[in-house]
Amino acid sequence: MTTNPKKTAKKPEHPLDDLIRTDRIPHIWCSGCGIGTAFSSCLSAIKATGIAYNRFTMVSGIGCSARGAGYIKLDSFHTTHGRAIPFASGIKMANPDLKVIVFSGDGDLFAIGGNHFIHAARRNMDLTVICVNNLTYGMTGGQVAATTPSMAKSTTTPMGNPDAPFNLPLLAYASGATYVARWTILHTRDLTTAINEAIIRKGFSFIEVLSPCPVNYGRRNKEKPLETLRLYQERTIIKNGVNPAQADIDFDKGVVIGTFIDVDRSTCDDRYYATCHPCSDD
Amino acid sequence: MRPAVLTGEHYINGDVACAEGAIAAGCRFFGAYPITPATEVAEHMAERLPDVGGAFIQMEDEIAAMASIIGAAWTGAKTMTSTSGPGFSLMMENLGLAVCTETPCVIINVQRTGPSTGLPTMTGQGDMMQARWGSHGDYELIALAPSSPQDCFYQTIRAFNLSEKYRVPVLVMADEIVGHMSEKVVIPEPETIHLIERPKPTGRRDRFKLYQPGPNGVAPMPSIGDGYNIHVTGLTHDERGYPAMTVEAQQEMMARLKGKIRNNLDDIIETESYRMEDAEIVIVSYGISVRTGLSAVDRAREMGYKAGLLRLITVWPFPETMIRSIASRVKGFITVEINLGQVHYEVERCAGGQAAAYLVGDAGGKIIHPDKVLARIEEKF
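Remember, predicted model here, so these are calculated numbers, not experimental data.

1. Brief notes about the overall build of chain B
Piece 1. What chain B contains, in helices and strands, is 13 helices and 16 strands.
Piece 2. In terms of overall dimensions, chain B is globule-like: its C-alpha atoms have a radius of gyration of 21 Å, near the 21 Å expected for 381 residues.
Piece 3. Along the longest, intermediate and shortest principal axes, the C-alpha atoms of chain B span 70 × 50 × 40 Å.
Piece 4. A burial count over chain B gives 57% of its 381 residues as buried.

Take a look at the structure:
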């Protein structure tokens with residue numbers, strides 16, 4: 001009598017398993033969604049720093065991207081809609097030794113949370129803010145966002161978006177961010193490098209990640225999943241150091257990606273502790 | 001550099017006394033936004049926190065202030081914010097986050113008169129029901145009401161102790177008069193101040209569950225960096241802290257959130273009685289209105305009425321059992337509060353028809369004169 005070989009109990013290991021709550025997989029992200037790719041880049045970047053994992057914490061708001069905080073095996077916080085940055089600022093100011101990463105979406109960070117973003121950038125709060133920009137509110141079913149291109153269709157702009165979208169790198173730069181980059185989920189190596197640089201450096205670092213939402217954005221705007229990736233490949237131009245004012249998202253003209261800003265400026269915690277605790281030993 | 005506990009006699013206002021109470025209690029992070037009549041709390045914290053190695057940040061609004069103190073609390077710090085009506089409204093969503101994630105923190109609300117912008121520089125007690133039910137969903141928290149600057153010092157310390165012990169946000173519901181009035185405040189020797197610290201986990205990290213309750217219903221709380229890889233979410237979660245989108249998880253979580261307060265009422269509820277031994281008429285009040293009540297009781301006694309005062313130091317959870325028990329042996333209650341009926345309805349509910357329940361309220365802006373209470377006593381009793 002023949003028997004099938006017994007399956008080994010040990011599951012195959014993924015190189016990022018040590019940073020994933022494997023007991024929470026499968027994740028909620030749809031087929032064709034780019035968040036998982038941006039999330040993987042973030043995990044790879046964390047790992048590549050070589051910094052002890054217990055010095056990291058991830059904070060998110062609400063939305064599809066914000067669910068990332070629930071999958072990372074670090075001390076992680078899934079907070080209220082739009083409030084990841086002030087929550088993270090509290091953590092940073094109470095314990096400046098921590099590496100604090102905010103991983104959230106465009107709706108969360110720039111509509112309901114827009115005020116917090118500009119003030120954290122102004123203060124040069126030492127945070128790494130990763131914004132997965134899919135041009136829409138994915139979790140609630142595809143409503144217009146502060147990043148939705150003009151005339152694009154959404155469930156709340158069925159005839160086309162009458163408003164203009166934010167240019168996020170320009171907003172970040174104008175607000176005082178000291179590191180500003182944009183990549184797409186097709187540029188995973190560059191994205192991973194950018195997140196890694198952002199984590200290692202001090203200051204308010206902002207990385208915009210263009211990411212497809214085929215279910216709730218692409219479908220309504222006649223853009224098939226592969227077509228979005230083709231735009232990322234063919235209609236983007238890497239221009240490091242470009243003026244963020246030229247970073248509008250218009251795939252007809254071409255979209256600039258790269259590291260736009262990387263400057264040194266003292267951070268909020270450095271200034272506070274230098275001014276208010278001048279005699280402390282550390 | 002001044003020490004954390006400024007032992008001695010001081011002539012300070014209630015806002016400053018709250019701040020000194022916070023520093024003495026071990027508060028080391030404060031995030032707030034300026035608002036009358038609570039601004040002096042923030043100003044004093046900005047000045048004092050550097051003395052004790054803490055951090056102060058003025059956030060861009062009260063939503064951010066509340067978020068910052070919840071985040072900071074998870075680094076292991078005792079944290080606080082201060083505000084008044086409009087800012088209190090903005091804090092409500094994140095107050096719910098603190099309740100749901102069982103994050104200890106203290107919120108000072110120096111109440112002014114509303115609704116809306118109202119009378120920013122004048123007193124009120126119109127946020128009492130908002131304190132209880134202002135955030136969405138069902139929950140329990142703790143609210144205390146100081147009635148003098150000295151009391152502000154002690155109640156803020158007590159707020160931190162209860163917050164740490166039960167892992168719940170604690171509200172200190174002061175008001176503009178208590179906050180802005182200067183009186184003698186005695187700060188005792190540090191050794192005499194009893195402080196409670198949050199329970200910390202001790203067991204194996206791989207077996208740790210973030211919300212597995214300890215003996216008093218409260219789970220030990222690790223800090224960021226302790227190596228427990230905690231996940232904290234405002235979604236309904238299971239004992240591990242993981243989101244659990246089921247009816248069962250919701251029932252279990254709510255039982256824990258409510259149970260840790262409702263099963264420890266004797267420890268949490270504090271009241272004070274004045275001339276209550278043989279009282280037939282009970283004046284119920286809290287905060288600055290206690291002073292109206294005290295004067296009214298003495299004068300009513302002079303007039304031959306058997307009046308007494310029940311001062312609510314803890315307003316939420318409400319001392320239901322005590323009011324019910326008192327109701328069985330007195331003629332009636334008069335609740336004195338600077339609103340047009342909030343805590344009064346709770347007293348009426350607990351009196352349950354066993355005793356009459358009347359309100360001496362005010363639309364706000366001033367302390368209630370004892371004459372108004374005496375007139376009601378004469379009218380009803």
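2. Some remarks on the sheet that holds strand β8 (residues 255–262) of chain A
Piece 1. Strand order in the open sheet made by the 9 strands is β7(A)-β8(A)-β5(A)-β6(A)-β4(A)-β3(A)-β1(A)-β2(A)-β10(B), with mixed pairing throughout. Each of the sheet's edge strands pairs with one partner strand only, and the pair in question is β7 (236–238) of chain A together with β10 (231–233) of chain B. Averaged over all neighbouring strand pairs, the angle between strand axes comes to 20°, with direction disregarded.
Piece 2. Of the strand pairs in this sheet, strand β5 (residues 179–184) of chain A and β8(A) are connected by 4 bridges, and their pairing is antiparallel.

3. Focus: the interface of chain A and chain B
Piece 1. Between chain A and chain B, the residue contacts involve 31 residues of the former and 35 residues of the latter.
Piece 2. If you list the elements that add at least two residues to the side of chain A that touches chain B, you get β2 (75–78), α2 (84–94), α4 (114–123) and α9 (268–276) of chain A.
Piece 3. Per-element tally for the side of chain A that touches chain B: the top contributor is α2(A), with 8 residues.
Piece 4. Across the side of chain A that touches chain B, the residue classes break down as 11 nonpolar, 15 polar and 5 charged.
Piece 5. Examined bridge by bridge, β2(A) and β10(B) share 3 bridges and lie parallel to one another. Looking across to β10(B), one finds that His78(A) is bridged to Thr233(B).

4. Section: helix α12 (residues 343–351) of chain B
Residues and elements named next belong to chain B.
Piece 1. The buried count for α12 comes to 7 of 9 residues, which makes it a mostly enclosed element.
Piece 2. Taken together, the buried positions of α12 are Val343, His344, Glu346, Val347, Glu348, Cys350 and Ala351.
Piece 3. Buried-residue contacts for α12 involve α5 (128–133), β12 (281–285), β14 (314–316), α11 (320–327), β15 (332–337) and β16 (356–361).
Piece 4. Gly352 sits one or two residues past α12 and shows a positive phi near 55°.

5. Looking at the domain arrangement of chain B
All names here are of chain B.
Piece 1. We note that the domain assignment places domain 1 (8–192) and domain 2 (272–380) within chain B.
Piece 2. Here the C-alpha centre of domain 2 lies 26 Å away from the C-alpha centre of domain 1.
Piece 3. Of all the secondary structure elements, the ones that give two or more residues to the side of domain 1 that touches domain 2 are β6 (119–123), α5, β7 (142–144), β8 (169–175) and α7 (176–180).
Piece 4. Top element by residues in the side of domain 1 that touches domain 2 is α5. It accounts for 4 residues.
Piece 5. Split by residue class, the side of domain 1 that touches domain 2 holds 15 nonpolar, 6 polar and 3 charged.

6. Notes on the packing of helix α1 (residues 14–25) of chain B against helix α6 (residues 149–166) of chain B
Residues and elements named next belong to chain B.
Piece 1. Axis separation between α1 and α6 bottoms out at 7 Å; the angle between their running directions is 35°. As for the relative orientation of α1 and α6, their crossing is right-handed in sense. Residue-level contacts link Gly14, Ala17, Cys18, Glu20, Gly21, Ala22, Ala24 and Ala25 of α1 to Pro149, Gln150, Cys152, Phe153, Tyr154, Thr156, Ile157 and Phe160 of α6.
Piece 2. Residues that form the contact of α1 with α6 fall into these classes: 11 nonpolar, 4 polar and 1 charged.

7. Quick notes on the packing of α11(B) against α12(B)
When two helices pack together, their arrangement is captured by the angle between the axes and the distance separating the axes.
Residue and element names in this part refer to chain B.
Piece 1. Taken N-terminus to C-terminus, the directions of α11 and α12 make an angle of 60°; their axes are 8 Å apart at the nearest point. When the axis of α11 is compared with that of α12, the two are oblique. The interaxial crossing formed by α11 with α12 has right-handed handedness. Only Val347, Cys350 and Ala351 of α12 make contact with α11, whose side of the interface consists of Glu320, Ile323, Arg324 and Ala327.
Piece 2. Considered class by class, the residues forming the contact of α11 with α12 number 5 nonpolar, no polar and 2 charged.

8. A short note on the sheet that holds β12(B)
Residue and element names in this part refer to chain B.
Piece 1. Read from one edge to the other, the open sheet built from 5 strands follows the order β11-β13-β12-β15-β16, with strand pairing classed as mixed. Both edges of this open sheet fall to β11 (271–274) and β16, since each of them pairs with a single strand only. Taken pair by pair, the neighbouring strands of this sheet meet at an average axis angle of 20°, ignoring direction.
Piece 2. Relative to β16, β15 runs parallel, the two sharing 6 bridges. Directly across from Ile334, in β16, lies its bridge partner Tyr358.
Piece 3. Running over the sheet, helix α13 (residues 370–380) touches β12, β13 (307–312), β15 and β16 and is turned about 150° from β16.

Cut-offs used in this document
Residues numbered from 1 in each chain as written. Chains lettered and ligands numbered in written order. Predicted model: local features only at pLDDT ≥ 70, side-chain atom pairs only at ≥ 80, totals over all residues. Helix = DSSP H or I, 4+ residues; strand = E, 2+ residues; numbered from the N terminus. Rg over C-alpha atoms; globule rule 2.2 N^0.38 Å. Buried ≥ 20, exposed ≤ 12 C-beta atoms within 10 Å, placed from the backbone. Pairing = 2+ DSSP bridges. Axes fitted to C-alpha atoms, helices over the stretch in contact; angles between N-to-C directions. Contact = placed C-beta atoms within 7 Å. Nonpolar A, V, L, I, M, F, W, Y, C, P; charged D, E, K, R; others polar. Domains from an automatic or database assignment. Left-handed = near helix turned anticlockwise from the far one by under 90°. Parallel < 35°, antiparallel > 145°, perpendicular 65-115°, else oblique.

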